[in-house]
Amino acid sequence: MDAAMVTAIAALIGGPLAAWGVMHGNRGATRAAREGNAVNGFNSLTDQLQEERQELRSDLAAVRAELATERLESARLRLMVQQLGGTP
């Protein structure tokens, strides 16, 4: 075999191997980008849920305070009715 034949065989074997390497590398990069997007999306949703949860906690605290005020007012009115001789 002469040098030209070796070069031709190397090109025939090396070309498909190089193409396979590029495709494999591109597939890995695409998978990494897709996984990165999934993680970023998950983090974004988690942040939104935590914000909503904090808002719900503050709303719940306000509703509890309002309920306590209403109960106190109801007890005060019952006491006034009893003091005036009525039955609550």
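Quick summary incoming for the structure in this document. (Residues numbered from 1 in each chain as written. Predicted model: local features only at pLDDT ≥ 70, side-chain atom pairs only at ≥ 80, totals over all residues. Heavy atoms only, no water.)

Describing the overall build of the protein chain
Helices and strands together make up the secondary structure of the protein chain, namely one helix and zero strands. Among the 88 residues that make up the protein chain, the fraction classed as buried is 0%. Looking at the protein chain as shown, the accessible area adds up to about 7900 Å², and 63% of this sits on carbon and sulfur atoms. (Helix = DSSP H or I, 4+ residues; strand = E, 2+ residues; numbered from the N terminus. Buried < 20%, exposed > 50% of the residue type's maximum accessible area, 1.4 Å probe, protein only. Areas by Shrake-Rupley, 256 points an atom, 1.4 Å probe, with all protein chains shown as cover.)

Section: a negative patch on the surface
On the surface, Asp-47, Glu-51, Glu-52, Glu-55 and Asp-59 cluster together into a patch of negative charge. By secondary structure assignment, the location of Glu-51 is in helix H1 (residues 3–83). Overall, the relative accessible area of 52% leaves Glu-51 in the exposed class. (Patch = residues over 30% accessible without salt bridge, like charges linked within 9 Å, V, L, I, M, F, W, Y side chains within 5 Å. Salt bridge = Lys/Arg side-chain N within 4 Å of Asp/Glu carboxyl O. Lys, Arg positive; Asp, Glu negative; His and termini not counted. Charge placed at Lys NZ, Arg CZ, Asp CG, Glu CD.)

Re a nonpolar patch on the surface
A contiguous nonpolar patch, built from Met-5, Ile-9 and Ile-13 and spanning about 260 Å² of accessible area, is present on the exposed surface. Note on placement: Ile-9 falls in helix H1.

A look at the pattern of salt bridges
In the structure shown here, the tally under the stated rule is one salt bridge. The residue Arg-76 makes a salt bridge to Glu-73 at a minimum N-O spacing of 2.7 Å. On the criterion of helical spacing, the pair formed by Arg-76 and Glu-73 is a turn pair, its members being three residues apart in helix H1. According to the relative accessible area criterion, Arg-76 is partly exposed, its value standing at 41%. By relative accessible area, which is 34% here, Glu-73 ends up partly exposed.

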